[in-house]
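# Structure assessment
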Amino acid sequence: MCGIVGAIARRNVSKILIEGLSRLEYRGYDSSGVAINNEEGVYSHRAVGKVQALKDKFEVQPLDGKMGIAHTRWATHGKPTEANAHPHFSGDDLALVHNGIIENHEPLRRELKDKGYEFKSETDTEVIVHLIHDAMKTQPDLLKAVQVTLTKLHGAFAIGVVQKDDNDRFIAARKGSPLVVGVGIEENFVASDQLALLHVTDQFIFLEEGDVVEVSRDGVSIYDAKGDLQERPISVFNHNIDATDKGEFRHYMMKEIYEQPKVISACLEGRISESKVLTSCFGADSAFLKEVENVHIVACGTSYHAGMVAKYWIEDLAGIPCSVEVASEYRYRKVAVPKKTLFLTLSQSGETADTLAALRMAKELGYLTTLAICNVPSSTLVRESALTLLTNAGPEIGVASTKAFTTQLTALLITSVAIAVENGLSAEKEKALVQALRSLPAHVNDALLQDAHIKEVADRFANKHNALFLGRGTMYPIALEGSLKLKEISYIHAEAYPAGELKHGPLALVDEDMPIIALVPHNDMLDKLKSNLQEVAARGGELYVFADKDTDLNNEENIIFTEVPKVDSILEPIVHTIPLQLLSYHVAVVKGTDVDQPRNLAKSVTVE
Ligand code: F6R
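Below is a short write-up of the structure. (Residues numbered from 1 in each chain as written. Predicted model: local features only at pLDDT ≥ 70, side-chain atom pairs only at ≥ 80, totals over all residues. Heavy atoms only, no water.)

## As for the overall build of the protein chain
Secondary structure summary: the protein chain contains 18 helices and 25 strands in total. Against the globule reference of 25 Å for 608 residues, the protein chain gives a C-alpha radius of gyration of 25 Å, in line with a compact fold. Each principal axis of the C-alpha distribution contributes one length, and for the protein chain these read about 75 × 55 × 45 Å. When burial is assessed residue by residue, the protein chain has 61% of its 608 residues classed as buried. In the protein chain, once contacts between residues fewer than 6 apart in sequence are set aside, the share between residues at least 24 apart is 72%. Carbon and sulfur atoms make up 47% of the accessible area of the protein chain, which amounts to about 23,600 Å² in all. Side-chain charges in the protein chain split into 62 positive and 84 negative, and the spacing between the mean points of these groups amounts to 2 Å. (Helix = DSSP H or I, 4+ residues; strand = E, 2+ residues; numbered from the N terminus. Rg over C-alpha atoms; globule rule 2.2 N^0.38 Å. Buried < 20%, exposed > 50% of the residue type's maximum accessible area, 1.4 Å probe, protein only. Contact = heavy atoms within 4.5 Å. Areas by Shrake-Rupley, 256 points an atom, 1.4 Å probe, with all protein chains shown as cover. Lys, Arg positive; Asp, Glu negative; His and termini not counted. Charge placed at Lys NZ, Arg CZ, Asp CG, Glu CD.)

Now the structure itself:
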């Protein structure tokens, strides 16, 4: 979604800002812009499409200055045009960039029009810059005018504002959308995401909800929502900077698929011993494990699919009820919360607007406690949850989630076992599960060995317009995840069904043009799934079967077989995910789509 970068330095900041925007490209956007302050005024370039289009404008007409703000826009109000791209101006005095949505922009726009303000865009953003301009008529100090303006805005936002003739500070603020301050030496920055600033600093201050910050060369002053000056701690970014580099891979997605054995090991590190789950991984307050009698899992998209797998694990291993719901539904209904229920959120980014809103609502509903399984330690979700289990996958740049998903599953399996231990799981069974977890990185590595074969399989998909994924038990959410991955990056329409549902409707779709992707686990569902496959074969459907050798399935007429390593059944959903990621990736490459930044999608969905 939209990304913000701001900089003030003793050197020209235009290259810093543009590099920052390039680093934010992974979030998804459709236009970009920069405003630069110098002695003559505030000047800007805006462009539709990739950041490269903005760079081209700088080539033709450089803009130099020691302070500026920049933006990548993901259109919400108004099409992706140059006029709608940020920064937006009020006259030539103020320029502003904004991430988020101003829900009451319509009445505000009417009020401002009545006062004589002219609007040049269709965006909700433009009201903010005019409101600040209007506030400055009675309150000439930019900081104070921003503080007054923020009280009038409903919705979620992060902003950056510069003023003509004030080249020594800019103002930024956040409420509901992420914003981080980057601390340098005689230069300071803001951005939506630390990754945007790793070329200039590794020291960051995470702003809290409602914070307004005055950023100058010599320091930053942070005011909370009440207007009181606050000290916020500085954190040092400790990921290897190479994490944001594609290395030998053509796409981030492929790099991230291949990182999975390593990051799953990182996720297990310090969380299990030879035979036990180490409950200290939930922090000092792991007492909830003894008390929990129900679990509510809430998440969006791929993270929701991870939650669906966990439902099977928690009910099977711990024998306690678990429900899973997408956050955008949960947050708008009346939820009945049984006593001693754990509220568990899953999120790669920790900034997903619906998941955050669900957490805030849940905090009022009397849950036992809130636990976030998240990949970003500094995220809002982590900061607002009582307990956290980090997935430790490292930055994920490809929009389609891969390593974040398998590490979520790993963290969920650890959590499920920990809850189960307090609900009567035997020491012997715990040890067996922990040993299965210890073997997981090696099995994921083995699954990656099918890459070349899957690339050949993918060629057969190039002309397909639809696909149907089937699975039973924990393979059903994996089928959903496989179909989501395929549609996200190859734009092939794909659906997933529990295989037992086939004859209740989707069988009508099956003909020789419809590829059926069947995930065949080696467990007591095997024979039932084989009968479902017979039903497909009998109708001429082309079957793509992912199974281990011992299932006795193989390449035969109408079956394209891909071998998946034979593993303990508890690990099957994780290991079966790998070939589906590879399949989607190779199909997208064959189709020539933008694998890392698929159309219309954003990495961090910070608006509703
Ligand atoms: C799909 C994907 C999305 C996210 C969803 C939630 O590949 O990544 O479906 O899973 O937008 O995002 P997080 O996990 O950051 O809350």
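Let us keep going from here.
## What to know about the side chain of Ser-401
Mapped onto the fold, Ser-401 is located in the loop between β20 (387-390) and α13 (403-421). Ser-401 gets classed as buried once you look at its relative accessible area, which sits at 9%. Once residues within four sequence positions are removed from consideration, Ser-401 is found in contact with Thr-302, Gln-348, Glu-396, Glu-481, Lys-485 and Lys-603.

## Observations concerning helix α11 (residues 353-362)
The element α11 is largely enclosed, with a buried count of eight among its ten residues. Regarding α11, the residues found buried are Ala-353, Asp-354, Thr-355, Leu-356, Ala-357, Ala-358, Leu-359 and Ala-362. Buried-residue contacts for α11 involve β16 (294-299), α10 (327-330), β18 (341-347), β19 (369-374) and α12 (380-384).

## As for helix α15 (residues 451-459)
Every buried residue of α15 is accounted for by Asp-451, Ile-454, Val-457 and Ala-458. The buried residues of α15 occupy one face: seen down the axis, they fall within an arc of 115°. Turned more than 90 degrees away from the buried face of α15, the exposed residues are Ala-452 and Glu-456. Packed against the buried residues of α15 are α6 (252-258), α14 (427-448), β24 (542-547), β25 (559-563) and α18 (572-591). (Arc of directions from axis to C-beta.)

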